[in-house]
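The residues making up each chain are set out below.
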Amino acid sequence: MSNFYEERATMIAARDLQEFVPFGRDHCKHHPNALNLQLRQLQPASELWSSDGAAGLVGSLQEVTIHEKHKERWHLRKGVSELGQEVDFDEELYIAGNMVIWSKGSKSQALAVYKAFTVDSAVQQALWCDFIISQDKSERIYKSHELEKCICILQSSCINMHSIEGKDYIASLPFQVANVWPTKYGLLFERSSSSHEVPPGPPREPLPTMFSMLHPLDEITPLVCKSGSPFGSSRVQYVVDPAMKIVFLNINPSIVMTYDAVQNVHSVWALRRVKSEEENAVLKFSEQGATPQNMANNSSLTAHLRSLSKGDSPVTSPFQNYSSIHSQSRSASSPSVHSRSPSISNMAALSRAHSPASGVHSFSGAQRFNFSSHSQSPKRHSISHSPNSNSNGSFLAPETEPIVPELCIDHLWTEAITNIREKNSQASKVFITSDLCGQKFLCFLVESQLQLRCVKFQESNDKTQLIFGSVTIVSAKDAAPVEKIDTMLVLEGSGNLVLYTGVVRVGKVFIPGLPAPSLTMSNTMPRPSTPLDGVSTPKPLSKLLGSLDEVVLLSPVPELRDSSKLHDSLYNEDCTFQQIGTYIHSVRDPVHNRVTLELSNGSMVRITIPEIATSQLVQTCLQAVKVILPKEVAVQMLVKWYNVHSAPGGPGYHSEWNLFVICLMNMMGYNTDRLAWTRHFDFEGSLSPVIAPKKARPSETGSDDDWEYLLNSDYHQNVEAHLLCRSLCLGSSEVSRMKEEDFSQNLSLDSSTLLFPHIPAIFFVLHLVYEELKLNTLMGEGICSLVDLLVQLARDLKLGPYVDHYYRDYPTLVRTTGQVCTIDQGQTGFMHHPAFFTSEPPSIYQWVSCCLKGEGMPPYPYLPGICERSRLIVLSIALYILGDESSVSDDASQYLSRIASAPQKSQAEQEENSLSHSPSVSSLAERLVVWMTSVGFTLRDLETLPFGVALPIRDAIYHCREQPAADWPEAVCLLIGRQDLSKQAFEGNLPKGKSVLSSDVASGTETEEEDDGMNDMNHEVMSLIWSEDLRVQDVRRLLQSAHPVRVNVVQYPELSDHEFIEEKENRLLQLCQRTMALPVGRGMFTLFSYHPVPTEPLPIPKLNLTGRAPPRNTTVDLNSGNIDVPPNMTSWASFHNGVAAGLKIAPASQIDSAWIVYNKPKHAELANEYAGFLMALGLNGHLTKLATLNIHDYLTKGHEMTSIGLLLGVSAAKLGTMDMSITRLLSIHIPALLPPTSTELDVPHNVQVAAVVGIGLVYQGTAHRHTAEVLLAEIGRPPGPEMEYCTDRESYSLAAGLALGMVCLGHGSNLIGMSDLNVPEQLYQYMVGGHRRFQIGMHREKHKSPSYQIKEGDTINVDVTCPGATLALAMIYLKTNNRSIADWLRAPDTMYLLDFVKPEFLLLRTLARCLILWDDILPNSKWVDSNVPQIIRENSISLSEIELPCSEDLNLETLSQAHVYIIAGACLSLGFRFAGSENLSAFNCLHKFAKDFMTYLSAPNASVTGPYNLETCLSVVLLSLAMVMAGSGNLKVLQLCRFLHMKTGGEMNYGFHLAHHMALGLLFLGGGRYSLSTSNSSIAALLCALYPHFPAHSTDNRRYHLQALRHLYVLAAEPRLLVPVDVDTNTPCYALLEVTYKATQWYEQTKEELMAPTLLPELHLLKQVKIKGPRYWELLIDLSKGTQHLKSILSKDGVLYVKLRAGQLSYKEDPMGWQSLLAQTVTNRNSEARAFKPETISAFTSEPALVSFAEYFCKPTVNMGQKQEILDLFSSVLYECVTQETPEMLPAYIAMDQAIRRLKRREMSETSELWQIKLVLEFFSSRSHQERLQNHPKRGLFMNSEFLPVVKCTIDNTLDQWLQAGGDMCVHAYLSGQAFEESQLSMLACFLVYHSVPAPRHLTSINLEGSTSFAELLFKFKQLKMPVRALLRLAPLLLGNPQPMVM
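Residues numbered from 1 in each chain as written. Predicted model: local features only at pLDDT ≥ 70, side-chain atom pairs only at ≥ 80, totals over all residues. Heavy atoms only, no water.

## Some remarks on the packing of helix H53 (residues 1452-1473) against helix H54 (residues 1480-1498)
Next, step 1: Axis separation between H53 and H54 bottoms out at 11 Å; the angle between their running directions is 150°. When the axis of H53 is compared with that of H54, the two are roughly antiparallel. For the pair H53 and H54, the crossing hand works out as left-handed. Facing H53, whose interface residues are Val 1460, Ile 1463, Cys 1467 and Leu 1470, H54 presents Ala 1482, Cys 1485, Leu 1486, Phe 1489 and Phe 1493.
Next, step 2: A breakdown of the residues in the contact of H53 with H54 according to their chemical character gives nine nonpolar, no polar and no charged. (Axes fitted to C-alpha atoms, helices over the stretch in contact; angles between N-to-C directions. Helix = DSSP H or I, 4+ residues; strand = E, 2+ residues; numbered from the N terminus. Parallel < 35°, antiparallel > 145°, perpendicular 65-115°, else oblique. Left-handed = near helix turned anticlockwise from the far one by under 90°. Contact = heavy atoms within 4.5 Å. Nonpolar A, V, L, I, M, F, W, Y, C, P; charged D, E, K, R; others polar.)

## Description of the packing of aromatic side chains
Centre-to-centre distance and the angle between the planes together describe a pair of aromatic rings.
Next, step 1: Counted under the stated rule, the structure contains 36 aromatic pairs.
Next, step 2: Look at Trp 1132 and Phe 1135: their rings are 5.0 Å apart centre to centre, the planes differ by 70°, and that puts the pair in the edge-to-face class. Within this pair, Trp 1132 and its partner Phe 1135 are both found in helix H37 (residues 1131-1143), separated by three residues, close to a single helical turn.
Next, step 3: For Trp 1132, a relative accessible area of 4% puts it in the buried group.
Next, step 4: Given a relative accessible area of 0%, Phe 1135 falls into the buried group.
Next, step 5: Aromatic side chains Tyr 1637 and Tyr 1643 sit 6.1 Å apart centroid to centroid with 85° between the ring planes, which places their arrangement in the edge-to-face category.
Next, step 6: You can call Tyr 1637 buried: its relative accessible area is 15%.
Next, step 7: By relative accessible area, Tyr 1643 is classed as partly exposed at 29%.
Next, step 8: Through successive ring pairs, a cluster of aromatic residues spans Phe 763, Phe 764, Tyr 802, Phe 836 and Phe 837. (Phe/Tyr/Trp six-rings, centres within 6.5 Å; stacked < 30°, edge-to-face > 60°. Buried < 20%, exposed > 50% of the residue type's maximum accessible area, 1.4 Å probe, protein only.)

## Side note on the sheet that holds strand S22 (residues 440-446)
Strands belonging to one sheet form pairs held by backbone hydrogen bonds; the direction of such a pair is parallel or antiparallel.
Next, step 1: One open sheet holds the four strands; their spatial order is S21-S22-S23-S24, and the pairing between them is antiparallel. Since the sheet does not close on itself, it has two edges, and those belong to strand S21 (429-434) and strand S24 (466-475), each with one partner. On average, adjacent strands in this sheet sit at an angle of 25° to one another, irrespective of strand direction. (Pairing = 2+ DSSP bridges.)

## A short note on the sheet that holds strand S26 (residues 487-491)
Next, step 1: Strand order in the open sheet formed by five strands is S1-S28-S27-S26-S25, with mixed pairing between adjacent strands. Of all the strands in the sheet, just strand S1 (11-13) and strand S25 (478-482) have a single pairing partner and so form its edges. Across the sheet, the axes of successive neighbouring strands diverge by a mean angle of 35°, strand direction being ignored.
Next, step 2: With five bridges joining them, S25 and S26 adopt antiparallel strand pairing. Within the sheet, the bridge partner assigned to Ala 479 lies in S26 and is Val 490.
Next, step 3: The strands touched by helix H14 (residues 631-645) within the sheet are S1, strand S27 (497-501) and strand S28 (504-510), with S28 carrying the most contacts at an inclination of about 10°.

## Some words on the packing of helix H50 (residues 1399-1412) against H53
Next, step 1: In the contact formed by H50 and H53, the axes pass within 7 Å of each other and the chain directions differ by 35°. Remark: the crossing between H50 and H53 carries right-handed chirality. Residue-level contacts link Pro 1399, Glu 1400, Leu 1402, Leu 1403, Thr 1406, Leu 1407, Cys 1410 and Leu 1411 of H50 to Gln 1457, Ala 1458, Tyr 1461, Ile 1462, Ala 1464, Gly 1465, Ala 1466, Leu 1468, Ser 1469 and Phe 1472 of H53.
Next, step 2: Residue composition of the contact of H50 with H53, grouped by class: 13 nonpolar, four polar and one charged.

## Describing a nonpolar patch on the surface
Next, step 1: Taken together, the side chains of Tyr 1392, Leu 1393 and Phe 1396 define a hydrophobic patch exposed on the protein surface, amounting to about 370 Å² of accessible area.
Next, step 2: In this structure, Phe 1396 sits in the loop between helix H49 (1391-1394) and H50.
Next, step 3: We classify Phe 1396 as exposed; its relative accessible area is 58%. (Patch = residues over 30% accessible without salt bridge, like charges linked within 9 Å, V, L, I, M, F, W, Y side chains within 5 Å. Areas by Shrake-Rupley, 256 points an atom, 1.4 Å probe, with all protein chains shown as cover. Salt bridge = Lys/Arg side-chain N within 4 Å of Asp/Glu carboxyl O.)

## Here we look at unusual backbone geometry
Next, step 1: With an omega of 0°, the peptide bond running from Asn 252 to Pro 253 counts as cis.
Next, step 2: Here Pro 253 shows up in the loop between strand S17 (244-250) and strand S18 (255-260).
Next, step 3: Note that the residue after Pro 1110, namely Pro 1111, is joined by a cis bond; omega there is 0°.
Next, step 4: As for its position among the elements, Pro 1111 is in the loop between strand S37 (1107-1109) and strand S38 (1114-1116).
Next, step 5: Positive phi, normally seen in glycine, also occurs at Phe 1088, with a value near 55°.
Next, step 6: Relative to the helices and strands, Phe 1088 resides in the loop between helix H36 (1057-1085) and S37.
Next, step 7: Phe 1088 gets classed as buried once you look at its relative accessible area, which sits at 8%.
Next, step 8: The phi dihedral of Ala 1263 falls on the positive side, at around 50°, and the residue is not glycine.
Next, step 9: Relative to the helices and strands, Ala 1263 resides in the loop between helix H43 (1245-1258) and helix H44 (1265-1275).

## So, the state of the cysteines
Next, step 1: Applying the stated rule across the entire model yields zero disulfides.
Next, step 2: Just so you know, Cys 1513 is unpaired, no disulfide at all, and the nearest cysteine sulfur is the one on Cys 1467, 9.0 Å from it.
Next, step 3: Here Cys 1513 falls in the buried class, since its relative accessible area comes to 0%. (Disulfide = S-S within 2.5 Å.)

## Some points on helix H42 (residues 1220-1227)
Next, step 1: Those residues of H42 that fall on the buried side of the exposure criterion are Ile 1222, Thr 1223, Leu 1225, Leu 1226 and Ser 1227.
Next, step 2: Looking at the buried positions of H42, the neighbouring elements they touch are helix H40 (1188-1196), helix H41 (1200-1213) and H43.

## Description of helix H28 (residues 924-934)
Next, step 1: Burial analysis of H28 places eight of its eleven residues in the buried class, which makes it a mostly covered element.
Next, step 2: Following H28 by one or two positions, Gly 936 has its phi on the positive side, about 90°.

## Some remarks on the pairing of strand S30 (residues 594-599)
Next, step 1: Counting buried residues in S30 gives five out of six residues, a clear majority hidden from the surface.
Next, step 2: As paired strands, S30 and strand S31 (residues 604-608) are joined by five bridges and run antiparallel to one another. The partner of Val 595 across the bridge, within S31, is Ile 607.
Next, step 3: A loop of four residues connects S30 with S31, the two strands running antiparallel in sequence, and Gly 602 in this loop sits at a positive phi of about 90°.

## Comments concerning the nonpolar core
Next, step 1: Counting residues in hydrophobic clusters, the biggest one holds 219 residues, and the most contacted among them are Leu 497 and Phe 763.
Next, step 2: Beyond its immediate stretch of four places on either side in the chain, Leu 497 contacts Leu 489, Val 490, Leu 491, Gly 507, Lys 508, Val 509, Ile 511, Ile 584, Val 587, Leu 597 and Ile 607.
Next, step 3: Among the nonpolar cores identified, the runner-up in size contains 218 residues, and Ala 1466, Ala 1482, Leu 1560 and Ala 1585 belong to it. (Core = buried A, V, L, I, M, F, W, Y, C linked by side-chain atoms within 4.5 Å.)

## Some thoughts on the pattern of salt bridges
Next, step 1: Inspection of every chain in the model, using the stated rule, returns 42 salt bridges.
Next, step 2: Here Lys 429 ties to Asp 478 by a salt bridge, and the two come within 3.1 Å at their closest N and O atoms. In this pair, Lys 429 sits in strand S21 while Asp 478 sits in strand S25, placing the two residues 49 residues apart along the sequence.
Next, step 3: Among the residues examined, Asp 478 registers a relative accessible area of 7% and is labelled buried.

## With respect to the environment of Trp 847
Next, step 1: Positionally, Trp 847 belongs in helix H24 (residues 844-853).
Next, step 2: Taking relative accessible area as the criterion, Trp 847 reaches 2% and is therefore assigned buried.
Next, step 3: Measuring from C-alpha to C-alpha, the distance between Trp 847 and Pro 858 comes to 8.5 Å, with eleven residues separating the pair along the chain.

## As for the environment of Ala 925
Next, step 1: Positionally, Ala 925 belongs in helix H28.
Next, step 2: It is 6.5 Å that separates the C-alpha atoms of Ala 925 and Cys 960, two residues lying 35 residues apart in sequence.
Next, step 3: The contact partners of Ala 925, leaving out residues within four places of it in the chain, are Tyr 880, Ala 956, His 959 and Cys 960.

## Remarks on the side chain of His 1459
Next, step 1: Checked against the element boundaries, His 1459 lands in helix H53.
Next, step 2: Assessed through its relative accessible area of 19%, His 1459 is described here as buried.
Next, step 3: Setting aside residues no more than four positions away along its own chain, His 1459 makes contact with Val 1428, Ile 1432 and Ser 1436.

## Description of the confidence of the model for the protein chain
Low pLDDT marks regions whose predicted coordinates should not be analysed in detail.
Next, step 1: Summary statistics for the protein chain give a mean pLDDT of 75 and a share of 72% for residues scoring 70 or more.
Next, step 2: Note that pLDDT drops below 50 for residues 518-580; the model gives that stretch 84 contacts with residues more than four away or on any other chain.
Next, step 3: Per-residue pLDDT stays below 50 along residues 683-702; that stretch engages in 31 contacts with residues further than four places along the chain or on separate chains. (pLDDT = per-residue confidence, 0-100.)

Written as structure tokens, this is what we have:
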């Protein structure tokens, strides 16, 4: 019988039995691959890839065999999650035929196909591989974004790689691949060697057999091998031995195992990157002088290569091109063979960065060594035949560069060679496993000998290499690792499945439902009757597994009695194995702790091996004990525990702890059956829900409750009486019959047991685990369980101090007396007392308490990896309370002493030493918080710390929360409870994509009406900015151009109907001038407000030029032919419409080249819109994504508008980059930039203009000399002969001037290297006229003959050149304050000179002059008037006068025109100077002038000045007004625009409408999100866009200014809207901002308060931006460190997260701030706290926890009685927490209150809460806290100052009352070591803890008996550091005076 029990005792029950079928098999049947593209079948697959005909032929021969039945294969691996969290599922890669199916799934989630691939030819292998994308190739750990995870599919002639991101690569293979392996670096190929590879003849250099490919786009390169030779020097060479095969490759550690087929031995190699010296050695290897030993192979290789290069048989040669590996081929060799030019290989290197091309360069790689193993070898040529060889066979001119090897294998270990090795002893399965103590083994299974060989290996101390140990042989038929629990499964020859850890046998695995192989069991054991049948497995499975007859399922009970005597004997395996049913055939696919068994009947079963322990407490204890024991002992202990824990049908989860205690104590030598407290263990009673596992077992296997039910049934009683049961010891009742007397006798320990010598060490680490658990409030029950064990051990080891320590913690659990097991005196010598063992129990609370009191403490012992909380607390207290900054950065040995059996550094510690760049910290509190997050401490951890210990950390957090730095990482912000900041940090890391505020408009209403292009605005934010009126709807109405206009004409009686129709159409034509001007303004309004869907084209609203006439609403149309409509009238309008639509697209959108082309319209009439769309894409930066091919495609179409849009767009996208390709593109369109001899291209004039401006944009600010020179000449380009350059010269000249200004923007007089060009003088001449200079440069020839059309003579035509030159000067000297240049631009001050200048040029001159004297511009009308020369000021007529003064010598018309233009110019410069600033004085000043011009227009004398001039000036002033107020939506400006919108008759032409609606658009730029910048580049862009001369009609580009340039304002727009978003509700809200301006020459540093959402001023003017309290948490963005952070916030829609403070309401709900809770604190505090109504709390905080607390704990109910006082307390505590912003202190307050109440009732069963209160009190009186309060007096006390004294007082009183009521006797008894009543236990412990009374043993040392006075006591107690107040209470006892002196 006993034999049977031993057999059973070490059986391990497998769980979760499931039938296994690879998921891919089923999916394959339904996968649509039957049709398999007809085309591919016509052409053999290999022909697609082969580069010569031979391989194609071979390929087609191979095709024949493919159609045989494919064998299916699959691999499983542990699931990899995308996000990096722990997951537990399997991934399967299934291969059948030419399909690969990748599926994922697990127990908890169903299997699902993730991806399926079908390829052209049969799949030879499929595998997962991670490629490194990162360019830096060092040996380091790569982060996930630097890796490209791929599936690689190997076919016969190529390999396909598919990355998870969706990239596909294909690489053709230059040789037949036998095998491919994934490595840490990429792929490793083995070339298949064939028999006719080695040609006859002299021996020669063989070809490499192993190659690597580091990335799908890289070359395939040979592998280098470095091995130690017998002579000691190591040789570096290619891997060429065809007998060497790889049998295993592991990624971490990166090693390769090979098998040598000749010597029959396995070797292990380290795989690493090649070092440069090895690279050189291999490449130079062949060029050394031929030493005797390598002469032969050297020359033979060269000879072989030479035969190729002679071209004898290049086609059939198998190794055609191998030569290039050793760069030795001769110059005479035919170029066709070496088809690789170096440039291609550079391309291959470059192409990494580009999109994966489908293997263009892999062909070239394949050309290099195209071995097809089937072709014949070439004829041999011996060396002597070659005429031009040197004697040593080196060549003269190496022709192709060599292939540089990338990976190297380094020899580590080879197994010993034995004589009796059989031929094929190649390992069939290799894996790495580690044992329970972390020692690693490399195991390889040699099936032919049924051996599993295990080699132990470890890292060397310096981590550089692996050291291998000896081989252990385990006999096995199959094996597989179980990595989750560090074991392996071995299938023995007899059919048993056995679990091993390392090479230690753990036990057999018992599989329910599978017959056990040994038949002895079923014979000796009579089949018990029915009670046990209920445990069988579900039926379908049993059918699968064959008959169940042999199965014996036994009751779990007897083992528990037996488990103490677990024998280690190995069983006799000689019993015959009769193959009755099924048996296990092999083991495969191990993942985590699951493994598949293949059964002999072909089916497969997947089982789960149980874990070591499921309860956290047991896991922690096992881990701690494992660290401390020697490895061998630790393994044995774990093996025993595992056997007990996993026995078949063993105990349920909840009794795991009891089982552990019994197992551990048995191993220490206790007899647990005889020990009182372990004997009563009830294995069914639940211990604690905390210990319960995360997942209960699936119900089908039954549970322990079923078992319990059985035991209690009547049926069980009957069976129990059965004799058979008695003989089998199955009864459970004997135990209870044992006599109690047995236990009274003393028990002794058995000293021969495994753990007996280590009891003290185990006890000490378990004590540390106990202290660690005290720091986790969730582990309370676990602690109680642990105390029992510790007390028993402490008593037996006679450790009084420890027993006393446990008593003070758990007075009710620890009785003063208990059963003691004696340890034989003789045996104590065997016990090993470790060095770290201290006689004083380490106590974490005591340690913290001493630090708070400022007393010194010895370092606290900790176990790395187990006592992590203790370590954290110790270091944070050291940092925060003791103020030692070095504690967290350097070695913390003065605070912590590490305990470890092994001296090696733990992983965690190394990580800590290498802290990454830490964010800015200023105070200790910040330092602590940042450090804690860096070690991974989170809020969850903080909540589970006891409140006293957590208090210092919470205090630090409280200090940081007020004013955190804006640059802290997300984790820190989460810890300090600033979700607003953490969310900001999180969003900051996201790529720019769709923002939080993306508007999801309910489109129900808008789909019916036609799209007016303004639906996508973000109304939520706009309604906050302009909340009090409907101005946004009004703007939308003014700017829409998609609806017909209303044509209101009254039919007078004398009008005939026909005339009336004409009248209406004329009126419509007038209105259409306005409609066509609207899109430019609409583009401004909707700027960057939309994220397009990549699958839909961009909706472009159509331009509607029809009208409706009331009252009958008849349609009026221009195309009826009744009136003349100008031709091409709408072409520019539709261009603008396209731009407006394109500008809606936000720069952050995801757009690619395909989408841009996809938007191309089908109809030719929409081409203009598309041209505008292209320009818009350039302005928002997306055009850079358009492929160059498409750009040329568009330009060759020759559509004028498209060319204009494209050229301007591309240039804007490449602003200031001097991009060469774009320069070439533009130069083709500018004759001046082409070489003089080039053919003259007929480029349309407007396209030339656009190209010139484009040059200016691309070279902006670069002061590029050649460009500047050409542009300078182009300003005055004379008209050529014939009709060249005669028309529209003005706009070309202006464009050249603007471009020149941009190129030299702001360079002023510092134009380096251009002094000989005399730029300013030349420009001055262009401006004022004079003699034309002689043309210099290469275009001299072109301008020899004068024009036949225009007679200009040799003077400059100022009318043409002046505007361009003026603006060029303005831009070159922009903001330079250069007086001399500015004086050139002063308006003339005599009548004579005035007559020489066109009045409108005066506008430009004034503007230019003011822009140069930038700092002189002042925002008042006095300054504006100061620009007007005296003569004009004195004689100018006031327009309102009736009479005209008559004067002969003054031309009044000239004077008044000059006057208005100069004023307009000055106003415009004011607009530039204060653009986007909303400067109030500038606004008032400009508004006044705008009003003035409005009145002038209606004045009687307007005709003198000319209405046209006045309209122009008004438009200019309006635009300047809009620039100043850009984005602000100012109402007064809006009213002006609306008024002008309504004026349609008279002088109002297309140009003025354009100006007015541009002003309207600027006013609402980007829906209020954008404003204008005043940087140089912005001013240049605005000068182009707002050029103050407006087109007369819609087709007018000729006269001055190309209309397309009006859109360049985009380059000046910048996002400056800051939108506060409430982090809790995620909606935009109002918040108060405080903006601090830097000091400038005009004003001091000033602060301004703004209500956000608001436009910020320009960032370079600001010092800091701050969200102000009191409603929201303060948040400071400091711009002095750099504006990057704020810029990135603004560019992502300006979302700034804010968090409401507790007790506050948002500005929307409570505009005046009268409802806030804090507003009521006027009244006296206490009475007011009583009056605080809990109902009102919901108004003050959104925190759900606080609201529900108020709901349930603070609401008074009927007949309260006693509870009223508690309610009041809760209400005031809640009030305190809400007002002081410390809601997290609520639990601490309540816990303290509860503890005190419990103490009053004398119900304290444990003293930890008292400890916490004590720590709280000590913290508030600690020195560091007091200092902090002095430094920041504003910061309110963290806990209510009135609460703590009350707490202190109450505890004192309670304890003093207890003393008086007889407690003093108790204390006396304790101190003198006598017995006392049990009932007083808990109060005594409270007294001792609270008053820090030393243990009695300390008192004996200071001899208290003779003391007579209190003073003497004080002196004696000084060394014990006992507080005086405690001493006062003890004094009476010690002085023999029974009355305590109560304070």
